[in-house]
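Here's the letter readout for the chains.
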Amino acid sequence: MKLDQDIALALRLADAAGEAIRPHFRSGLVAERKSDSSPVTIADQAAEEAMRRILKAEVPRDGIIGEEFGTDEGSSGRTWVLDPIDGTVSFIAGRPIFGTLIALLVDGWPVLGVIDQPILRERWVGASGMGTTFNGKEVRTRPCRELSDAMLATTGPQYFNDHEGEHFMALAAKTDHKRMMMGGDCYNYGLLASGQIDLVCEAGLKLHDWAALVPIVEGAGGTMCDWNGEPLHQQSEGHVLAIGDPARLEDVVEAMACDH
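Here is what the cut-offs are and how they apply
Residues numbered from 1 in each chain as written. Predicted model: local features only at pLDDT ≥ 70, side-chain atom pairs only at ≥ 80, totals over all residues. Heavy atoms only, no water. Pairing = 2+ DSSP bridges. Helix = DSSP H or I, 4+ residues; strand = E, 2+ residues; numbered from the N terminus. Contact = heavy atoms within 4.5 Å. Axes fitted to C-alpha atoms, helices over the stretch in contact; angles between N-to-C directions. Parallel < 35°, antiparallel > 145°, perpendicular 65-115°, else oblique. Left-handed = near helix turned anticlockwise from the far one by under 90°. Expected span 1.5 Å × (residues − 1). Buried < 20%, exposed > 50% of the residue type's maximum accessible area, 1.4 Å probe, protein only. Core = buried A, V, L, I, M, F, W, Y, C linked by side-chain atoms within 4.5 Å. Salt bridge = Lys/Arg side-chain N within 4 Å of Asp/Glu carboxyl O.

K.L.:
What should I look at first to understand the sheet that holds strand β12 (residues 181–182) in this one?
P.N.:
The strands making up a sheet associate through hydrogen bonds between their backbones, and the pairing can be parallel or antiparallel. Read across the sheet, five strands follow the order β12-β11-β13-β15-β14 without closing on themselves; strand pairing throughout is mixed. Looking along the sheet, the strands with just one partner apiece sit at the ends: β12 and β14 (223–225). Packed on one face of the sheet, helix α4 (residues 162–174) meets β11 (152–154), β12, β13 (199–202) and β15 (240–243) and runs near 155° to β11. Contacts between helix α8 (residues 249–256) and the sheet are confined to β13, β14 and β15, with β15 contributing the most and set at about 145° to the helix.

Put into structure tokens, the structure is as follows:
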């Protein structure tokens, strides 16, 4: 019953974020630069503020980790992780493939996740012990018989350093690399959960970038892990794999031959 209440709360957060974001889409707004040179807009800030207001009113003992406004420590062992606009570059460019990410961690492990695309009105929801849904209908990842058949996606080569890029290209060489996709941020993980693509490989991600994605991918039958095949938790580094068919996990890790 508690999980049902948490899902309902997460959906209200997504609704509030969407209301804050939509008026700014393709509005010509100007982005600022954060200390790490990544862009941020008033839409990012307004969306996170809207979600934080709800959480502080309804679950004041829970912690909050947000991309824009940092960490509020809680006392319940539960932490909400918020990324108001994952894919700000796409948002600024007017491409509706960004998303609001909402996760709930319990003792550092993701148990609930939402990807909300507020322009297309597309929403993936995943939670421990439940099947992932897309706009209310259950979805599943697709089987992949051979790694050479796999369609691979990543946000972009600029997010890999030289060493990471070598590992990524080693994986890409083993996949159907002529169908490889660049760009997409969190949207790629939703597509993977819906059985549209097979693999996503990223580096340099922060907790707010991936926490919501784990329950969504795994609830659809896939797996998420680091580049060594280990499960993701709050202390994981930012080397992330999403694999639609868990039977390909060993193939993927072997192809990357990573030693991180």
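From this point on, the discussion continues.
K.L.:
Is there a simple way to think about the packing of helix α1 (residues 2–21) against helix α2 (residues 42–58) in this case?
P.N.:
Packed helices, taken two at a time, are described by the angle their axes make and the gap between the axes. Where α1 meets α2, the axes come as close as 8 Å, and the angle between the chain directions of the two elements is 150°. Overall, the two elements α1 and α2 adopt an arrangement that is roughly antiparallel. Seen from above, α1 lies across α2 with right-handed handedness. Contacts between α1 and α2 pair Leu9, Arg12, Leu13, Ala16, Ala17, Ala20 and Ile21 from the former with Ala43, Ala46, Ala47, Ala50, Met51, Ile54, Leu55 and Glu58 from the latter.

K.L.:
Can you help me understand α1 in this one?
P.N.:
Since there are 3.6 residues in each turn of an α-helix, residues three or four apart along the chain are aligned in direction. The terminal C-alpha atoms of α1 lie 29 Å apart, and with 20 residues this matches the ideal 28 Å at 1.5 Å per residue to within 8%. Turning to α1, its buried residues number three or more, namely Asp6, Ile7, Leu9, Ala10, Leu13, Ala14, Ala16, Ala17, Gly18, Ala20 and Ile21. For α1, the secondary structure elements touched by its buried residues are α2, β5 (78–86), α3 (88–93), β6 (99–106), β7 (109–117) and β8 (122–127).

K.L.:
Please clarify how unusual backbone geometry should be interpreted in this entry.
P.N.:
Most peptide bonds take the trans form, and the phi angle of most residues other than glycine is negative. Positive phi outside glycine occurs at Asp107, with the angle close to 55°. Counting through the fold element by element, Asp107 comes out in the loop between β6 and β7. Since its relative accessible area comes to 63%, Asp107 is described here as exposed. Even without being a glycine, Arg121 presents a positive backbone phi close to 55°. Within the secondary structure, Arg121 sits in the loop between β7 and β8. Using a relative accessible area of 55% as the deciding quantity, one classes Arg121 as exposed.

K.L.:
Any chance you could explain the nonpolar core here in plain terms?
P.N.:
As a rule of thumb, nonpolar side chains are buried together in soluble globular proteins. Among the nonpolar cores identified, the biggest contains 33 residues, and Ile115, Tyr189, Trp210, Leu213 and Met224 are the most heavily contacted of them. For this core, the secondary structure elements donating two or more residues are β6, α5 (187–193), α6 (207–210), α7 (213–219) and β15. The biggest single contributor to this core is α5, with five residues. In this view, Tyr189 contacts Ile115, Val200, Glu202, Leu205, Leu213, Val217, Met224, Val240 and Ala242; residues no more than four positions away in its chain are not counted.

K.L.:
For this particular structure, what's the right way to read the pattern of salt bridges?
P.N.:
In a structure, side chains of opposite charge can pair up when their charged atoms sit close to one another. Overall, the coordinates contain 13 salt bridges when judged by the stated rule. Arg12 is paired through a salt bridge with Glu58; the nearest N and O atoms lie 2.3 Å apart. You can see Arg12 sitting in helix α1 and its partner Glu58 sitting in helix α2, a full 46 residues away along the chain. With its nearest N and O atoms 2.7 Å apart, the salt bridge here joins Asp251 to Arg248. With relative accessibility at 28%, the residue Asp251 sits in the partly exposed group. Put simply, Lys2, Asp6, Asp62 and Arg78 are held in one network by salt bridges that share partners.

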